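Survey of secondary and tertiary structure
Single-letter residue listing:
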Amino acid sequence: MSRVTASDLPDVPKGQLPQHLELQRTRVLCGSDAPTHTETIQYSGAYASIGVDNSLRLEQFCKKFRVEVIRLTEDDMEFDMIGIDPSIANAFRRILIAELPTMAIEKVLIANNTSVIQDEVLAHRLGLVPIKVDPRLFEFMSENDTPNEKNTIVFKLHVQCKRGGPRITVKTDELKWLPNGGEFPIATLNHTSNPSSRPKTNTFFTHSQDSLPEFSNNPIASVHQDIIIAKLGPGQEIELEAHAVKGIGKTHAKWSSVSTAWYRMLPDVVLLQEVEDEKAEELVKKCPVNVFDIEDIGNGKKRAIVAKPRACTLCRECIRGEGWEKRVALRRVKDHFI
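If you're wondering where the values come from, they're calculated on a predicted model, not measured in any experiment.

Rules used in this analysis
- Residues numbered from 1 in each chain as written.
- Predicted model: local features only at pLDDT ≥ 70, side-chain atom pairs only at ≥ 80, totals over all residues.
- Heavy atoms only, no water.
- Patch = residues over 30% accessible without salt bridge, like charges linked within 9 Å, V, L, I, M, F, W, Y side chains within 5 Å.
- Areas by Shrake-Rupley, 256 points an atom, 1.4 Å probe, with all protein chains shown as cover.
- Salt bridge = Lys/Arg side-chain N within 4 Å of Asp/Glu carboxyl O.
- Buried < 20%, exposed > 50% of the residue type's maximum accessible area, 1.4 Å probe, protein only.
- 1 Å grid on protein atoms, 1.4 Å probe; cavity = no way out; pocket = protein on both sides within 12 Å on 5 of 7 lines; lining within 4 Å.
- Points joined across faces, edges and corners; volume = space filled by probe spheres on them.
- Nonpolar A, V, L, I, M, F, W, Y, C, P; charged D, E, K, R; others polar.
- Helix = DSSP H or I, 4+ residues; strand = E, 2+ residues; numbered from the N terminus.
- Polar contact = N/O pair within 3.5 Å; in protein donor to acceptor, adjacent residues only side chain to side chain.
- Contact = heavy atoms within 4.5 Å.
- Core = buried A, V, L, I, M, F, W, Y, C linked by side-chain atoms within 4.5 Å.
- Phe/Tyr/Trp six-rings, centres within 6.5 Å; stacked < 30°, edge-to-face > 60°.
- Lys NZ or Arg CZ within 6 Å of the ring centre and 35° of its normal.

A cluster of nonpolar side chains, namely I88, F92, I95 and L100, defines an oily patch on the protein surface of about 290 Å² accessible area. On the accessibility criterion, F92 (37% relative accessible area) is partly exposed.

In structure tokens, the structure reads:
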């Protein structure tokens with residue numbers, strides 16, 4: 001078997017791969033049956049025989065890698081990570097789920113609960129309520145730390161349904177932020193069941209949280225004010241104190257900063273041939289997400305163009321039917337992640 005060298009490929013610039021090999025290295029080819037060339041070629045000497053260095057160098061990575069924010073709203077964020085390996089993209093996804101700190105209710109001190117919801121279930125529901133506050137303003141709290149204004153947020157919930165009245169729904173708007181900290185000491189809860197006879201303390205923290213500029217004009221509250229916590233019947237009552245602390249999703253899902261995090265490779269839709277007139281209209285109708293559009297090229301002729309490749313969901317409708325795989329190619333960019 002003869003060995004292929006760079007000199008045998010006169011049309012390929014020195015230090016570059018032939019077109020078909022570059023396509024296999026940088027794209028996942030999505031045919032009608034299954035995707036091909038899905039693996040990433042990481043071996044530095046994979047193309048050494050034709051004089052191409054495939055090694056990963058820090059300088060090259062720094063030049064290629066970039067992050068572009070596509071959409072940012074209060075509820076979701078879409079950004080592109082370009083120039084990285086799938087394993088690194090997946091690492092970022094796992095970091096978003098398990099490593100980013102948030103604030104969540106960890107301790108619930110229940111003074112009175114005569115509702116149908118058990119204390120444990122009530123505490124669990126409160127722990128899952130998202131809190132609108134920047135966790136960078138707080139410190140992590142260890143087992144030996146005492147609660148203070150730098151590591152704890154205190155909420156109070158006291159709702160009572162009067163006898164003879166209608167049932168009421170307790171929502172998160174009833175969670176009141178206590179900037180001075182807790183109003184009753186923990187020790188009294190185990191000895192006194194009557195809230196009226198329990199001694200009250202005027203302060204729990206050394207400094208009030210609402211005096212800080214971060215919270216003076218932006219009071220701490222739950223993200224959504226209409227989350228249902230419980231429903232009370234006549235004569236039922238809930239009185240409790242909830243302490244929120246800083247944590248990460250690896251410890252408990254309530255501290256996870258995202259509801260979900262996912263990624264997909266950037267679609268690359270290519271027209272291999274000119275698709276004109278009736279075929280162009282047929283192609284536009286075949287795509288359910290309107291990836292293709294029609295442009296006028298003069299003399300009454302029209303041709304199809306790829307207008308929104310990013311919207312492609314890889315449904316493969318555009319390549320179904322006789323001859324369409326010769327006209328349209330569906331690909332994914334291996335180092336570009338949405």
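There is more to say, and it comes next.
Here we come to the pattern of salt bridges. Applying the stated criterion across every chain yields a total of 19 salt bridges. A salt bridge links D76 to R71; the nearest nitrogen and oxygen atoms lie 3.0 Å apart. Overall, the relative accessible area of 34% leaves D76 in the partly exposed class. Between R136 and D134 there is a salt bridge whose closest N-O contact spans 3.0 Å. Of the residues examined, R136 reaches a relative accessible area of 72% and is grouped as exposed. It is possible to trace a salt-bridge network through shared partners that takes in R71, D76, E78, D80 and R310.

Attention shifts here to empty space enclosed by the protein. With the rule as written, the count across this model stands at two cavities of 30 Å³ or more. Estimated volume of the largest cavity: approximately 80 Å³. Forming the walls of the largest cavity are 13 residues, and the residues nearest its centre are C287, V291, C312, C315 and C318. Residues that form the lining of the largest cavity fall into these classes: 10 nonpolar, one polar and two charged. Considered as a void within the structure, the second largest cavity measures approximately 40 Å³ in volume. I105, V129, P130, I131, F155, L175, A221 and S222 are the residues that line the second largest cavity. Split into classes, the residues belonging to the lining of the second largest cavity amount to seven nonpolar, one polar and no charged.

Looking at the element boundaries, S115 is found in the loop between β5 (102–113) and α4 (119–127). Take S115: its relative accessible area is 12%, and that puts it in the buried class. For S115, the side chain forms a polar contact with the side chain of N113, separated by 2.7 Å. Apart from residues no more than four positions distant in its own chain, S115 is found in contact with L232, Q236, E237 and I238.

Counting residues in each nonpolar core, the largest one holds 25 residues, and the members touching the most others are V133, I153, F155, L157, I220 and I229. When contributions to this core are tallied by element, the ones reaching two or more residues are β5, α4, β7 (153–160), β11 (228–232) and β12 (237–247). In this structure, I153 is in contact with M103, V133, F138, W177, Q209, I220, A242, H243 and A244, ignoring residues within four places of it in sequence. In this structure, V275, L283, V291 and V328 belong to the second largest nonpolar core, which totals 16 residues.

As enumerated under the stated definition, the model contains four aromatic pairs in all. Between the aromatic rings of Y263 and F337, the centroid separation amounts to 5.5 Å while the plane-to-plane angle is 85 degrees, which identifies the pairing as edge-to-face. Residue Y263 is located in the loop between β12 and β13 (265–271), and its partner F337 is located in strand β16 (residues 328–337); the two are separated by 74 residues in the primary sequence. Chaining the aromatic ring pairs together yields one cluster made of F138, W177 and F215. For the cation-ring pair, K254 lies above W255, with the distance from its terminal atom to the ring centre recorded as 4.8 Å. One cation-aromatic arrangement involves R327 over W324; the distance from NZ or CZ to the ring centre is 4.8 Å.

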